[in-house]
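Commentary on secondary and tertiary structure
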Amino acid sequence: MSRVEGLRANSSQFTLEGKPFRILGGSIHYFRVPRAYWKDRLLKLKACGLNTLTTYAPNFVKFKDHSYLSLAASLGLWVILRPGPYICAEWDLGGLPSWLLRDENMKLRTTYPGFKASVEIFFDQLIKKIVPYQYSKGGPIIAVQVENEYGSYAADNEQMYGFSAKLSLGITELLMTSDGDGLRKHGGVNGALKTFNFQRLNMDRVKYLDEVQPQKPKMVMEYWTGWFDLWGNLHHVFPAEDMTSVVEEILKQDMSINLYMFHGGTNFGFMNGALAVDLPVPLPMVTSYDYDAPLSEAGNYTPKYHLLRTVFSQYHSELLLLFSKEYQPVVVHQRLSLWDSLIFTDEPSSSTTPVNMENLPVNNNNGQSYGYTLYETTITSGGALNSNNNVKDRALVFVDKHFVGVLDDDSQEVTVPDGEEGRTLSLLVENFGRVNYGKTLDKQRKGLVGDIELNKKNLSDFTIYCLDMKPGFIDSLGGSDHWVQPADKPPSGPGFFQATLHVDGPPEDTFIKLPGWNKGVVFINGKNLGRYWSRGPQQTLYLPGPWLHTGENQVTVFEEQNTDGRIQFTTVPDLGKTVEVQ
Ligand code: GLA
């Protein structure tokens, strides 16, 4: 096919090469799916009758995974790219890198010079990478989204103009904006097609676009097929029949659609965001991003998939079926206490006052982005330890390595028992995920963000360890002489617990179940699978088969508190007690 005219929005229908074209899209984020499964998920998207893949590109300058774009092209899918750099998406700080917060005056998503300059550099690099993937150059990208739901943030509308102008310099394809609640308020920018987001048909948004954007195609950029979950809440579901009836209505009204999410995947590692709207304190998102989407977290068909397939198309292809396996339970054979792991961290920092994790002099002076930070100091008495709400987000408090309590948004005081002078107070502070949606983006510094008091006196002289638990750190633990067999000591945390999972034959997907554990993180062959927490709702962790190999696999669990040392596997994911999306 010759490429003369890409996607256009010059009448009530999109056209591609001058012919009417309806976008039937689905979102799959490459960063939430193991690379070995990209093809499987995209084939399933296509086999469902969709013609367009929609993805965000977070992590600022990194966008290294453009092979995702060529894969989509090779499967005959068009792509709508949503490069942010703010993407929301239940991702840490909405996809913005935490080093931006090293500047104490930072104003994210505005024309604040420090933000603007960083975005310019990002766009320069990104545009260079994506230009060859544009439709006009023979690639799959038919449209590019400007920012994300800026209409509901609109801290500084000039920013949007700057963004679209900058994008227009290199991008020849159609620009779009996407808005939910903010559509009527500050949605859109000149030169870009406005689209909207909803779950139940929102005629108010449809009418509004009829008024302000007549004779233009209408598109639901995010048709929410389900919803995300927060720790301590219930698992959200959106009934399949409700979803299909809205989709049918959208199609009947001649609109284009993108299913958000078509396949959610997983917030592997420490990458989950947190929600700060309509809540007294931000609540972090769980590890699973199943989203009750048409393809499950592990890529399996759901009733939604089958219903949609009937709605969308008569397209036929071989459908892949993935198998999962219930491996035999394994038992922890060795344990290394957190304290004995500290020699494997970067050189600890010393500071009179607490330093937040982003401003620590680690990682080539980009600070610490994710994970845990350990703050230690010497105390001369017991008494009331008060966090002044400066613990972000949750600290386990120890005196001479004995656990004495938890400090977080809800509990800001812990009593330190009396004892001898010169004891070590340790605060193991966890960054539970930065807010990705809400007005407090600029305040997402983590670790200790201010003074901590003991008996109303500020503590000082800290030794600070960065525990971002990257694969290199997990690997290095193998070199320790301090591993003990659990039988030698009561198997309590905080510490690293190792077991071996033996896989016969080709590895398959599975779900990890940890009923005898409390809270922590699982690593498979050094790779961070994400957090678990007995509190739920999520009760199992997705372990993709391609991350295992035939033979012996190392399972390392970082447990904060207690464990029975048993690790179980199941073929049935358990995302917890459900509630319908409101
Ligand atoms: C908004 C955002 C998305 C995502 C959804 C909720 O529409 O644009 O990135 O956060 O909400 O899942």
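As the structure is a computational prediction, the values presented were derived from the model and not from experiment.

**Points about the UniProt feature "domain: Beta-galactosidase galactose-binding" (unreviewed entry) in the chain**
Within this structure's numbering, the places UniProt gives as "domain: Beta-galactosidase galactose-binding" (unreviewed entry) are residues 494–553. With 0% helix and 55% strand, the stretch residues 494–553 has end C-alpha atoms that lie 22 Å from each other.

**Considerations on empty space enclosed by the protein**
According to the stated counting rule, one finds 2 cavities of 30 Å³ or more in the structure shown. When its volume is computed, the largest cavity comes out at roughly 60 Å³. Together, Trp227, Phe228, Asp229, His235, Asn267, Met285, Val286, Ser288, Tyr289, Asp290 and Tyr291 line the largest cavity. A breakdown of the residues in the lining of the largest cavity according to their chemical character gives 6 nonpolar, 3 polar and 2 charged.

**Some thoughts on the site of the ligand**
As a structural note, the neighbourhood of the ligand is formed by 15 residues, with Tyr56, Glu90, Asn148, Glu222 and Tyr291 the closest of them. Ile87 is positioned with one of its backbone polar atoms (N or O) 3.2 Å from an oxygen atom of the ligand. Asn148 places a side-chain nitrogen or oxygen 2.8 Å from an oxygen atom of the ligand. Burial of the ligand by the surrounding chains reaches 96%, relative to a free accessible area of 310 Å². Residue composition of the shell around the ligand, by class: 10 nonpolar, 2 polar and 3 charged.

**Focus: the UniProt feature "active site" (unreviewed entry) in the chain**
If you check UniProt for "active site" (unreviewed entry), the listed places come out as Glu149 and Glu222 in our numbering. Look at the named residues: they lie 74 residues apart in sequence, but the longest C-alpha span between them is just 10.6 Å, so in the fold they bunch up. Those annotated residues from the list above that line the second largest pocket are Glu149 and Glu222. The class of Glu149 is buried, set by a relative accessible area of 11%. Relative to the helices and strands, Glu222 is located in strand S10 (residues 219–224). Sequence-distant contacts of Glu222, that is, excluding residues within four places in its chain, are made with Tyr56, Arg82, Asn148, Ser178, Phe196, Asn197, Phe198, Asn258 and Tyr260.

**Digging into the packing of aromatic side chains**
Enumeration over the complete set of coordinates arrives at 31 aromatic pairs. Between Tyr301 and Tyr305, the aromatic rings sit 4.6 Å apart at their centres with planes inclined by 55°, giving tilted as the arrangement. The exposure class assigned to Tyr301 is buried, which follows from its relative accessible area of 16%. Assessed through its relative accessible area of 0%, Tyr305 is described here as buried.

Criteria and cut-off values
- Residues numbered from 1 in each chain as written.
- Predicted model: local features only at pLDDT ≥ 70, side-chain atom pairs only at ≥ 80, totals over all residues.
- Heavy atoms only, no water.
- UniProt positions renumbered as here; feature names shortened; annotations may be inferred.
- Helix = DSSP H or I, 4+ residues; strand = E, 2+ residues; numbered from the N terminus.
- 1 Å grid on protein atoms, 1.4 Å probe; cavity = no way out; pocket = protein on both sides within 12 Å on 5 of 7 lines; lining within 4 Å.
- Points joined across faces, edges and corners; volume = space filled by probe spheres on them.
- Nonpolar A, V, L, I, M, F, W, Y, C, P; charged D, E, K, R; others polar.
- Near = heavy atom within 4 Å.
- Polar contact = N/O pair within 3.5 Å; in protein donor to acceptor, adjacent residues only side chain to side chain.
- Areas by Shrake-Rupley, 256 points an atom, 1.4 Å probe, with all protein chains shown as cover.
- Buried < 20%, exposed > 50% of the residue type's maximum accessible area, 1.4 Å probe, protein only.
- Contact = heavy atoms within 4.5 Å.
- Phe/Tyr/Trp six-rings, centres within 6.5 Å; stacked < 30°, edge-to-face > 60°.

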